[in-house]
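The lines below spell out each chain.
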Amino acid sequence: MTKIGKFITFEGPEGSGKSTQAAKLAERLKADGFEVIVTREPGGTAVGEAIRNILQHDSAGEGMPASTEILLFEASRAALMETVIKPALDKGTWVICDRFSDSTTVYQGYGRGYDIDTLLSLNETATQGAEPDLTILLDLEVDESFKRLEKRNSEAGTELDRMEREDRSFHERVRGGYLEIAAKFHGRCYIIDGSLDSDVVEEAVWSVVNDRFNGGMNED
Ligand code: TMP
């Protein structure tokens with residue numbers, strides 16, 4: 001029996017619990033004997049993490065044109081795909097990624113108004129056409145998203161990053177975009193209410209993963 005690596009992405013608005021749930025899912029899969037890596041976008045490689053800093057915090061990134069922003073996200077994605085995701089999947093390791101191409105479609109497309117077909121084509125170039133086997137969308141209303149960001153930043157003594165500082169209507173478009181994408185790609189995407197208790201979300205994620213891979217996660 002060959003263990004085939006699966007590619008799972010977590011998507012959702014700010015503060016929806018993606019990183020927490022990605023880590024929890026990885027622990028459960030590992031406990032079941034699977035090889036698993038967790039990575040993130042932007043980031044996940046040395047160059048990707050440097051790009052992340054420009055996109056989020058470095059003053060060099062302030063006021064950059066939308067096209068530059070898009071290509072930086074895609075540049076980070078291309079490195080992650082080439083050097084981390086593809087090699088891992090090829091050797092049967094499961095890959096869990098905190099954000100992926102849908103984030104570009106939603107933030108730069110629905111949020112910033114950039115042409116969606118152009119974004120899909122850039123996504124395809126960066127990913128070499130690879131698509132997740134499963135995308136879990138943790139949905140969250142914008143009010144709750146803002147509340148969580150405020151709490152997180154005040155506890156950690158950090159400040160809102162460049163995207164988090166966008167206005168309410170931007171974040172409304174992002175949330176709506178995610179729901180549209182999930183409906184359009186319903187074979188790949190599954191929506192879970194991210195406002196629920198973290199343990200409840202964890203169980204829901206586990207159940208989706210088991211259902212999706214048919215309880216036969218060791219099978220070819
Ligand atoms: P996060 O990983 O902490 O959620 O931060 C990543 C930020 O970058 C978040 O605001 C969403 C944004 N983003 C995009 O706008 N486009 C993208 O393609 C990706 C991957 C993230």
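About the criteria used
Residues numbered from 1 in each chain as written. Predicted model: local features only at pLDDT ≥ 70, side-chain atom pairs only at ≥ 80, totals over all residues. Heavy atoms only, no water. Near = heavy atom within 4 Å. Polar contact = N/O pair within 3.5 Å; in protein donor to acceptor, adjacent residues only side chain to side chain. Areas by Shrake-Rupley, 256 points an atom, 1.4 Å probe, with all protein chains shown as cover. Helix = DSSP H or I, 4+ residues; strand = E, 2+ residues; numbered from the N terminus. Buried < 20%, exposed > 50% of the residue type's maximum accessible area, 1.4 Å probe, protein only. Disulfide = S-S within 2.5 Å. Pairing = 2+ DSSP bridges. Axes fitted to C-alpha atoms, helices over the stretch in contact; angles between N-to-C directions. Contact = heavy atoms within 4.5 Å. Core = buried A, V, L, I, M, F, W, Y, C linked by side-chain atoms within 4.5 Å.

### Section: the site of the ligand
Phase 1: In the vicinity of the ligand lie 13 residues, with Glu14, Gln56, Arg99, Thr104 and Gln108 positioned nearest.
Phase 2: Thr104 has a polar side-chain atom sitting 2.5 Å from an oxygen atom of the ligand.
Phase 3: About the coverage of the ligand: the protein hides 93% of its 480 Å² of free accessible area.
Phase 4: Contributing elements (two or more residues each) for the shell around the ligand: helix H2 (46–56), helix H3 (66–90) and helix H4 (101–111).
Phase 5: With four residues, H4 is the single largest residue contributor to the shell around the ligand.

### Details of unusual backbone geometry
Phase 1: Look at the link from Glu41 to Pro42: it is a cis peptide, with omega at -15°.
Phase 2: If you trace the backbone, Pro42 turns up in the loop between strand S2 (36–40) and H2.
Phase 3: At Arg99, a residue that is not glycine, the phi angle is positive and equals roughly 80°.
Phase 4: Locating Arg99 in the fold gives a position in the loop between strand S3 (94–98) and H4.
Phase 5: Under the relative-accessibility criterion, Arg99 is labelled buried at 12%.
Phase 6: The backbone phi angle of Gln128 is positive, close to 55°, even though this residue is not glycine.
Phase 7: By the secondary structure assignment, Gln128 is in the loop between helix H5 (116–127) and strand S4 (134–139).

### Quick look at the state of the cysteines
Phase 1: This structure, assessed with the given rule, holds zero disulfides.
Phase 2: There is no disulfide at Cys97, and the cysteine sulfur nearest it, in Cys189, is 14 Å away.
Phase 3: Cys97 gets classed as buried once you look at its relative accessible area, which sits at 0%.
Phase 4: Here Cys189 falls in the buried class, since its relative accessible area comes to 8%.

### Notes on the sheet that holds strand S5 (residues 189–193)
Phase 1: With parallel pairing, the five strands of this open sheet are ordered in space as S2-S3-S1-S4-S5. Unpaired on one side and paired on the other, S2 and S5 mark the two borders of the sheet. Across the sheet, the mean angle separating the axes of adjacent strands is 20° when strand polarity is ignored.
Phase 2: Helix H1 (residues 18–31) contacts strand S1 (7–11), S2, S3 and S4 of the sheet and is inclined by roughly 170° relative to S3.

### Re the nonpolar core
Phase 1: In terms of nonpolar packing, the biggest core is built from 20 residues, with Phe10, Leu25 and Val209 touching the most fellow members.
Phase 2: Put simply, the parts of the chain that give this core at least two residues each are S1, H1, S3, S4 and helix H8 (198–212).
Phase 3: The element contributing the most residues to this core is H8, with five residues.
Phase 4: With ten residues, the next largest nonpolar core counts Val106, Tyr107, Leu137 and Tyr178 among its residues.

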